[in-house]
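So the chains spell out like this:
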Amino acid sequence: MKLQRMNRRALALGALAVTGALALTACGSDDTGNGNGGDASATAQAGNIDCGDAKGQLQASGSSAQKNAIDAWVKQYTAACKDVQINYNPTGSGAGITAFTQGQTAFAGSDSALKPDEVEASKKVCTDGQGIDLPMVGGPIAVGFNVPGVDTLALDAPTLAKIFDNKITKWNDPAIAKLNPDADLPDLKIQAFHRSDESGTTDNFTKYLKAAAPKDWTYEPGKSWEAEGGQSAQGSSGVAQQVKQTSGAISYFELSYASDGIKTVDIKTEATQPVKATIENATAAIGAAKVVGTGKDLALELDYTPSAEGAYPIVLVTYEIVCDKGNKADTLPATKSFLNYMASEEGQGQLAEAGYAPMPQEIITKVRETVSSLS
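Once a new chain begins, its residue numbering starts again from 1 and follows that chain's sequence as written. Local features are withheld for residues below a pLDDT of 70 in this predicted model, meaning they are given only at 70 or higher, and side-chain atom pairs are given and counted only at 80 or more; totals for whole chains, interfaces and linings count all residues. Heavy atoms from the whole structure form the basis of all side-chain values; hydrogens and water molecules are not counted.

In the nomenclature of an unreviewed UniProt entry, the protein chain corresponds to Phosphate-binding protein from the organism Streptomyces cellulosae. According to its UniProt record, the protein chain has this under Sequence similarities (unreviewed entry): "Belongs to the PstS family." UniProt positions are given in the numbering used here, feature names are shortened, and annotations may be inferred rather than shown by experiment.

What follows is the structure, encoded as structure tokens:
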């Protein structure tokens, strides 16, 4: 475990050095807006969290995929900023956006960018402004499996699509055996689990299936699971727990939940070798994303069918959803201070150790600039 943590730290430093990978067509000011005195917008430097005027309770909810990252950030931030209490409820991306657009939270976490109707709904709570997407956390969506006697498993998009659409029901199916000629696959029923709640992880996973296996996955991508059959569980922790305890199980969740012995599938792409679900391989894929948001919005378009060696195709980016203007005056200082810490070198540097991929440098720089301009 100690060596694993050291490797994750090394990956964090490597991911932070990614440059030139993202085309920043949605630009903002080059002014970082670093404050002084009591300005909570000052960018937190490594080992120096700027609390500014931040105080009181900060309510947030949404993505369960980023919960482990949020927990690590909250621990460090509240140790420095003792006048702030942060309550993050991992209700799922869909519920988080709903709570935000209803004015119940200061910000939301979502593994999918805001849709046009959600932007419109946000204008009711963002006075003279709207909700925007700030990419803060990245990582692979791991496909975890529990097949007795099988330690290594490779699957491609068509096979995964058929498994999760209940078209392949046994682990020794010829399609799985063809991809794993050296594996001793048992005559065991596949127990496929999906999320029961609206989830950005589901959205990204089904976007991958639709993009990489359109003939086999006929459902439209979305936060809600559309395919018939299978079993469900609440949140990333729920489906991960089902994989851990159920013989024959398979499901999808953010890599940080693939702990305590859960094995993950290597994904067959157009590359010569199946790609493992690692932070480094996810960073390679995120680095090829394009900014498609406008104004201060930094929504990304991900490539779910990469052909480059070592580019893991099933990735997600978790956005923090916040008002660009019209944030509540009583929570604005704490919101800016905490988001600044999350986007800082220190904050991003914690991600790899927690099982996540930091944002490439060009993107996180724009995130910092945008946070400093929130009002």
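Between Lys or Arg on one side and Asp or Glu on the other, a salt bridge is scored when a side-chain nitrogen of the former is within 4 Å of a carboxyl oxygen of the latter. Following the criterion strictly, the structure yields 13 salt bridges and no others. Lys162 serves as the salt-bridge partner of Asp216, at 3.9 Å between the closest nitrogen and oxygen. Here Asp216, found in the loop between α7 (200–212) and β7 (231–233), pairs with Lys162, found in helix α5 (residues 157–164); they are 54 residues apart in sequence, far enough to count as distant. Three exposure classes are used, based on accessible area relative to the maximum for each residue type with a 1.4 Å probe and protein chains only: buried under 20%, partly exposed in between, and exposed over 50%. Given a relative accessible area of 24%, Asp216 falls into the partly exposed group. Measuring nitrogen to oxygen at the nearest pair gives 3.0 Å for the salt bridge that ties Lys167 to Asp165. Given the relative accessible area of 59%, Lys167 is considered exposed. Where salt bridges share partners, they join Lys115, Asp203 and Lys207 into one cluster. Where helices and strands are cited, they refer to DSSP runs of H or I of at least four residues and of E of at least two residues respectively, numbered from the N terminus.

Another point: the state of the cysteines. Our working definition of a disulfide is a cysteine sulfur pair at a distance within 2.5 Å. If you walk through the whole model with that rule in mind, you get 2 disulfides. A sulfur-sulfur separation of 1.9 Å characterises the disulfide bridge that pairs Cys126 with Cys323. Taking the sign of the S-S torsion, about -70 degrees here, the bridge from Cys126 to Cys323 comes out left-handed. Residue Cys126 is located in the loop between α4 (116–122) and β4 (131–145), and its partner Cys323 is located in strand β13 (residues 315–323); the two are separated by 197 residues in the primary sequence. Residue Cys323 is classed as buried on the basis of its relative accessible area of 4%. Assigning the bonded cysteines of the protein chain consecutive numbers by sequence position, one obtains the connectivity 1-2, 3-4.

Packing of helix α10 (residues 332–343) against helix α12 (residues 361–372) leaves a shortest axis separation of 10 Å and a crossing angle of 170 degrees. With respect to α12, the axis of α10 lies roughly antiparallel. Two secondary-structure elements touch here, α10 through Lys336, Leu339, Asn340 and Ala343 and α12 through Ile364, Val367, Arg368, Val371 and Ser372. Under the scheme applied here, ten amino acids are nonpolar (Ala, Val, Leu, Ile, Met, Phe, Trp, Tyr, Cys and Pro), four are charged (Asp, Glu, Lys and Arg), and all others, including Gly, are polar. Here the contact of α10 with α12 is built from residues that sort into 5 nonpolar, 2 polar and 2 charged. The axes are straight lines fitted to the C-alpha atoms, using for helices just the contacting stretch, and the angles between their N-to-C directions are given from 0 to 180°. Orientation labels follow simple angle bins: below 35 degrees gives roughly parallel, above 145 gives roughly antiparallel, 65 to 115 gives roughly perpendicular, and whatever is left gives oblique. It only takes one pair of heavy atoms within 4.5 Å for two residues to be counted as in contact.

Another point: the pairing of β4. Across the 15 residues of β4, 15 count as buried, placing the element largely inside the fold. In this structure, β4 lies alongside β13, joined through 9 bridges in antiparallel fashion. Bridging from a neighbouring strand, Gly131 pairs with Cys323 of β13. Strand pairing follows a simple DSSP-based rule, namely that at least 2 bridges must link the two strands. Pairing of β4 with strand β8 (residues 249–254), which is carried by 5 bridges, proceeds in the antiparallel orientation. Each bridged residue has a counterpart across the sheet, and for Ala142 the counterpart in β8 is Phe253. Bridge count for β4 against strand β9 (residues 263–264) is 2 bridges, and the pairing is antiparallel. Bridging from a neighbouring strand, Gly144 pairs with Thr264 of β9.

What follows deals with the nonpolar core. Soluble globular proteins tend to bury their nonpolar side chains together. In terms of nonpolar packing, the biggest core is built from 98 residues, with Trp73, Phe164, Ile250 and Phe338 touching the most fellow members. The element that contributes the greatest number of residues to this core is β4, accounting for 8 residues. What makes a nonpolar core is a set of buried Ala, Val, Leu, Ile, Met, Phe, Trp, Tyr and Cys residues whose side-chain atoms join them at distances within 4.5 Å. In terms of nonpolar packing, the next biggest core, distinct from the first, is built from 9 residues, Ala240, Phe253, Tyr257 and Ile262 among them.

Along the chain, Ser344 falls in the loop between α10 and α11 (345–349). We define a polar contact as two N or O atoms separated by no more than 3.5 Å, with the added condition that, inside protein, one atom must be a possible hydrogen donor and the other a possible acceptor, whereas residues neighbouring each other in sequence contribute only through side-chain atom pairs. There is a polar contact of 2.6 Å between the side chain of Ser344 and the backbone oxygen of Tyr341.

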